[in-house]
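Topology and contacts: notes
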Amino acid sequence: TWFGTDGGLSIWNGDAFFNITAAQGLPSADIRALAAGDDAMWIGSWGGGLYRFADNQLEVFNVENTGLPSDQIAALAALPNGDLLLGTDQGLVRFADGAVTPVAAISAPVIAIAVIDGAAWVATADDGVFVQQQGDSWTQITLADDLPAVAITSIAATADAVWLGGETGGLVAFER
């Protein structure tokens, strides 16, 4: 079980915790997001970019070596095809095979990402929520669509609804 904190990573192996901090080589120990891949753990940090941990090795992807728009990663999610969506303070990017592709529709700071039934739901700091349709087509959900706030801080799914929590204004459910 993996835990990300503002002081690094803690990994529970069933018997003990193993900690990885700046002292062990993390470029930034402020961990904001985790996503399990097929063969690795993906780690989003605030200030250090994206990390891939596999086979006890840490690989760093950042502005300098991949062209990320920012090293501030607040959210990430693995898509069914293995690509990653990275939510940064400069918007959303798709990360595939080491290449970064900005998602033009979403340039606001991203707070949360959830993949529900294969579709990505992306919550932003001030532009509401975007839902991925077929391919790279995105639909924006705003206050006019009954969002509780322009800043959505959490996304969760149940069998019959997707729940969105606002920074202010409460909670709303969209039927699935």
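Read on for an overview of the structure. (Residues numbered from 1 in each chain as written. Predicted model: local features only at pLDDT ≥ 70, side-chain atom pairs only at ≥ 80, totals over all residues. Heavy atoms only, no water.)

Applying the stated rule across the entire model yields five salt bridges. Here R52 and D39 are joined by a salt bridge, their closest N and O atoms 3.1 Å apart. Of this pair, R52 sits in strand β6 (residues 49-54) while D39 sits in the loop between β4 (31-36) and β5 (41-45), placing them 13 residues apart in sequence. (Salt bridge = Lys/Arg side-chain N within 4 Å of Asp/Glu carboxyl O. Helix = DSSP H or I, 4+ residues; strand = E, 2+ residues; numbered from the N terminus.)

Among the structural elements, Q132 can be located in strand β14 (residues 129-132). Judged by its relative accessible area of 8%, Q132 falls in the buried class. In contact with Q132, other than residues within four places in its own chain, are L79, R94, A119, A120, S137 and W138. (Buried < 20%, exposed > 50% of the residue type's maximum accessible area, 1.4 Å probe, protein only. Contact = heavy atoms within 4.5 Å.)

A few words on a nonpolar patch on the surface. On the surface, a cluster of nonpolar side chains totalling about 300 Å² of accessible area is made up of F3, W12 and F17. In this structure, F3 sits in strand β1 (residues 2-5). F3 sits in the partly exposed class, given a relative accessible area of 38%. (Patch = residues over 30% accessible without salt bridge, like charges linked within 9 Å, V, L, I, M, F, W, Y side chains within 5 Å. Areas by Shrake-Rupley, 256 points an atom, 1.4 Å probe, with all protein chains shown as cover.)

It is worth spelling out the packing of aromatic side chains at this point. Within the structure shown, the criterion is met by six aromatic pairs. Taking 5.7 Å as the distance between ring centres and 70° as the angle between the ring planes, the aromatic pair formed by W42 and F95 counts as edge-to-face. A residue pair is termed long-range when its members are at least 10 positions apart, and W42 in strand β5 and F95 in strand β10 (residues 91-96) qualify at 53 residues. Relative accessible area serves as the criterion here: at 14%, W42 is assigned to the buried category. Here F61 and F95 contribute two aromatic rings whose centre-to-centre distance is 5.0 Å and whose plane-to-plane angle is 70°, an arrangement assigned as edge-to-face. Of this pair, F61 sits in strand β7 (residues 57-61) while F95 sits in strand β10, placing them 34 residues apart in sequence. (Phe/Tyr/Trp six-rings, centres within 6.5 Å; stacked < 30°, edge-to-face > 60°.)

In spatial order, the strands read β16-β17-β18; together these three strands make up an open sheet with antiparallel pairing. In this open sheet, the two edge strands, each paired with only one partner strand, are β16 (152-157) and β18 (171-175). Neighbouring strand axes in the sheet, compared pairwise and without regard to direction, differ in orientation by 20° on average. Direction of pairing for β16 relative to strand β17 (residues 161-166): antiparallel, over a ladder of five bridges. (Pairing = 2+ DSSP bridges. Axes fitted to C-alpha atoms, helices over the stretch in contact; angles between N-to-C directions.)

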